[in-house]
Amino acid sequence: SLTGNSLKISRVNIVSKKFQRHSPSGNSVTLKSPNTSTNFQPIHSTVTGGADSGETHSTVLSTESARDQLRPDMAASPDVIDGRIAGISAAIRVIPDFPKPGILFQDITTLLLDPKAFKDTIDLFVERYKDKDISVVAGIEARGFIFGPPIALAIGAKFVPMRKPNKLPGEVISEEYSLEYGTDKMEMHVGAVQAGERALVIDDLIATGGTLCAAISLLERVGVHVLECACVIELADLKVWFYLSITFVVRVCLVLPDSFAGCPLI
Amino acid sequence: MSAGRDDDPRIKGIKSKIRVVPDFPKPGIMFQDITTLLLAPNAFKDTIDLFVERYKNKNISVVAGIEARGFIFGPPIALAIGAKFVPLRKPRKLPGEVMSEEYILEYGSDCLEMHIGAVEQGERALVVDDLIATGGTLCAAMKLLERAGAEVVECACLIELPDLKGRERLNGKPLYVLVESH
């Protein structure tokens, strides 16, 4: 049975038109049209199980102090959480066959076009993390750059961008991580964080967890305590490659078909 | 036209937090690194506040941010003034139907894309990026918004490199910057 935090989610706002447009300056642009259909069945969501049947996360914190306790009920009453979550999930657009056939891409750009839903997203995270002595919010390029800074600003923490290679100008440390085919690298500036600081890692979505794990590694290598990873969306059906200490998701958990298993990180 | 906001006491603190990294990405370039500003919560907050104070109550419904550092400054401004945030991205990153605008680089060209339907006719928009150099990227951004029928009210950047004359490339559109770097 579904828990009180589950939602019925339907895919909305799929773009299917194909047309040419002429700009005032005379440039003609052919617009890409994804191969889509406008008929979708509602998707029932379940709260992600993983190792914790029914709960969205388990904690492996070694300390019992109040500032380390993060419980699902901490943000607000269940009714308030559900009210905002429904709006947030409804604002996320699913694009089939992007970046390649068989993948259902979770597009948060439509969420960003809904100021109330975007604000609710940030508020849900801020309510959870304020007063927890978090001094670092690390955001993963590029969509983590959209959600991380507003959270950092609201809780008075630093924002640390975690970037693809050769983007950060100063001295960096790197962490390699696996993709479906090959590897990629994530970098962080030396000196951005200090040993003993308490950090969050932010991204729009967790798929296999490889990118988040690389970010955690970078932070832990310099002695930072990663309290939690926070994502707007979790792809609940994918096999998680690595064990994450905690994952908190804004209860938008989409159950997706098995064809997703083994997909590269989006 | 003076663009710096030297009169505001917060500017000095903001400027002091920007790190200059020589010879990045190539020899001879003095790279303006805003990541150190992001490590100073008060200065980062002041940065956003300066933009928000300028743009709230101006009926701006769209804040467009240029990938990737425009993604850091744009959303907090958008949230504070109640506007949409529209990411303007390198090619093939946006998943839906897009419109593209090509722009010239020192060697070759690049492309900026925006989702169709993100912006509607008649909306009033800002374009946000961390820095204006030659103005090529900002120009492409403005064109995308205008092609979608929006009015670009102003371009907003933290840093201007005035010697590169990017301001002149904006076709008369106003540019607001916090800090100049010569």
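Residues numbered from 1 in each chain as written. Chains lettered and ligands numbered in written order. Predicted model: local features only at pLDDT ≥ 70, side-chain atom pairs only at ≥ 80, totals over all residues. Heavy atoms only, no water.

- Chain B is annotated in an unreviewed UniProt entry as adenine phosphoribosyltransferase of Escallonia herrerae.
- As stated in UniProt under Pathway (unreviewed entry), the record for chain B gives "Purine metabolism; AMP biosynthesis via salvage pathway; AMP from adenine: step 1/1."
- The heading Subcellular location (unreviewed entry) in the UniProt record of chain B holds the text "Cytoplasm". (UniProt positions renumbered as here; feature names shortened; annotations may be inferred.)

- As recorded in an unreviewed UniProt entry, chain A goes by the name adenine phosphoribosyltransferase, listed as coming from Escallonia herrerae.
- Its UniProt record gives chain A a comment under Subunit (unreviewed entry), which states: "Homodimer."
- According to the UniProt record, the Pathway (unreviewed entry) comment for chain A is "Purine metabolism; AMP biosynthesis via salvage pathway; AMP from adenine: step 1/1."

1. As for the UniProt feature "domain: Phosphoribosyltransferase" (unreviewed entry) in chain B
Line of reasoning, step 1. Those places that UniProt annotates as "domain: Phosphoribosyltransferase" (unreviewed entry) correspond, in this numbering, to residues 37–164 of chain B.
Line of reasoning, step 2. Note that residues 37–164 of chain B is 32% helix and 34% strand, and that its end C-alpha atoms are spaced 23 Å apart. (Helix = DSSP H or I, 4+ residues; strand = E, 2+ residues; numbered from the N terminus.)

2. Considering the environment of valine 94 of chain A
Line of reasoning, step 1. Summarising the element assignment, valine 94 of chain A is placed in strand 5 (residues 93–96).
Line of reasoning, step 2. Note: C-alpha distance between valine 94 of chain A and aspartate 133 of chain A (39 residues apart in sequence) is 36 Å.

3. Some remarks on the pattern of salt bridges
Residues and elements named next belong to chain B.
Line of reasoning, step 1. Per the stated rule, a full pass over the model turns up 22 salt bridges over all chains.
Line of reasoning, step 2. The shortest N-O distance in the salt bridge between glutamate 151 and arginine 124 comes to 3.5 Å. Taken together, the residues glutamate 151 in strand 8 (residues 151–160) and arginine 124 in strand 7 (residues 124–132) connect sequence positions 27 residues apart.
Line of reasoning, step 3. Given the relative accessible area of 39%, glutamate 151 is considered partly exposed. (Salt bridge = Lys/Arg side-chain N within 4 Å of Asp/Glu carboxyl O. Buried < 20%, exposed > 50% of the residue type's maximum accessible area, 1.4 Å probe, protein only.)

4. A look at the environment of aspartate 129 of chain B
Residues and elements named next belong to chain B.
Line of reasoning, step 1. Mapped onto the secondary structure, aspartate 129 falls in strand 7.
Line of reasoning, step 2. Of the residues examined, aspartate 129 reaches a relative accessible area of 9% and is grouped as buried.
Line of reasoning, step 3. Between the alpha carbons of aspartate 129 and arginine 10 there is a distance of 19 Å; along the sequence they are 119 residues apart.
Line of reasoning, step 4. Residue contacts for aspartate 129: discarding those within four places in its chain leaves Ile66, Arg69, Gly70, Ala156, Cys157 and Leu158. (Contact = heavy atoms within 4.5 Å.)

5. Focus on the pairing of strand 9 (residues 172–178) of chain A
Along any regular strand, the residues point their side chains to alternate faces of the sheet.
All names here are of chain A.
Line of reasoning, step 1. Only one face of strand 9 is buried: it carries Ile173, Glu175 and Tyr177, and the other face, with Val172, Ser174, Glu176 and Ser178, is open.
Line of reasoning, step 2. In this sheet, strand 10 (residues 183–189) lies alongside strand 9 in antiparallel orientation, the contact comprising seven bridges. Within strand 10, the residue paired with valine 172 across the bridge is histidine 189.
Line of reasoning, step 3. Counting the residues in the hairpin turn of strand 9 and strand 10 gives four residues, including glycine 182, whose phi is positive at 90°. (Pairing = 2+ DSSP bridges.)

6. Overview of the packing of aromatic side chains
Line of reasoning, step 1. A full pass over the atoms with the stated rule returns eight aromatic pairs over all chains.
Line of reasoning, step 2. Between the aromatic rings of phenylalanine 98 of chain A and phenylalanine 105 of chain A, the centroid separation amounts to 5.1 Å while the plane-to-plane angle is 90°, which identifies the pairing as edge-to-face.
Line of reasoning, step 3. What makes phenylalanine 98 of chain A buried here is its relative accessible area of 12%.
Line of reasoning, step 4. On the numbers, 5.8 Å between centres and 85° between planes, the contact of phenylalanine 44 of chain B with phenylalanine 73 of chain B is edge-to-face. With phenylalanine 44 of chain B in helix 3 (residues 41–55) and phenylalanine 73 of chain B in helix 4 (residues 70–81), the pair connects residues that are 29 residues apart, well separated along the chain. Per residue, the accessibility class of phenylalanine 44 of chain B equals that of phenylalanine 73 of chain B, and both read buried.
Line of reasoning, step 5. Through successive ring pairs, a cluster of aromatic residues spans Phe51, Tyr55 and Tyr176 of chain B. (Phe/Tyr/Trp six-rings, centres within 6.5 Å; stacked < 30°, edge-to-face > 60°.)

7. Here we look at the nonpolar core
Here is a general trend for soluble globular proteins: nonpolar side chains tend to be buried in one another's company.
Line of reasoning, step 1. Formed by 69 residues in total, the largest nonpolar core has its most connected members in Val137 and Phe147 of chain A together with Val63, Phe73 and Leu178 of chain B.
Line of reasoning, step 2. Residue contacts for valine 63 of chain B: discarding those within four places in its chain leaves Gly74, Ile77, Ala78, Ile81, Ala83, Lys84, Phe85, Val86, Leu126 and Val128 of chain B.
Line of reasoning, step 3. Core analysis: the second largest hydrophobic core is formed by 29 residues, Val86, Leu112, Ile132 and Leu138 of chain B among them. (Core = buried A, V, L, I, M, F, W, Y, C linked by side-chain atoms within 4.5 Å.)

8. Quick notes on the interface of chain A and chain B
Much of the literature gives interface size as the accessible area that the parts lose upon coming together.
Line of reasoning, step 1. Listed by partner, the interface residues are 47 residues for chain A and 42 residues for chain B.
Line of reasoning, step 2. The tally of links between chain A and chain B comes to zero salt bridges.
Line of reasoning, step 3. Viewed at the interface, chain B and chain A are joined by six residue pairs in polar contact (both at pLDDT 80 or more).
Line of reasoning, step 4. Looking at the side of chain A that touches chain B, the elements that each hand over two or more residues are strand 5, strand 6 (104–107), helix 2 (109–112), helix 3 (115–129), helix 4 (144–155) and strand 8 (158–162) of chain A.
Line of reasoning, step 5. Top element by residues in the side of chain A that touches chain B is helix 4 of chain A. It accounts for five residues. (Polar contact = N/O pair within 3.5 Å; in protein donor to acceptor, adjacent residues only side chain to side chain.)

9. Some words on the sheet that holds strand 9 (residues 175–180) of chain B
Residue and element names in this part refer to chain B.
Line of reasoning, step 1. Read from one edge to the other, the open sheet built from five strands follows the order 4-3-7-8-9, with strand pairing classed as parallel. Of all strands in the sheet, those bounded by a partner on one side alone are strand 4 (84–88) and strand 9. Strand-to-strand twist across the sheet, computed as the mean angle between neighbouring axes with direction ignored, equals 20°.
Line of reasoning, step 2. In this structure, strand 8 lies alongside strand 9, joined through five bridges in parallel fashion. When the sheet's bridge partners are listed, cysteine 157 is paired in strand 9 with valine 177.
Line of reasoning, step 3. Packing of helix 3 onto the sheet brings it into contact with strand 7, strand 8 and strand 9, and relative to strand 8 it is tilted by some 155°. (Axes fitted to C-alpha atoms, helices over the stretch in contact; angles between N-to-C directions.)

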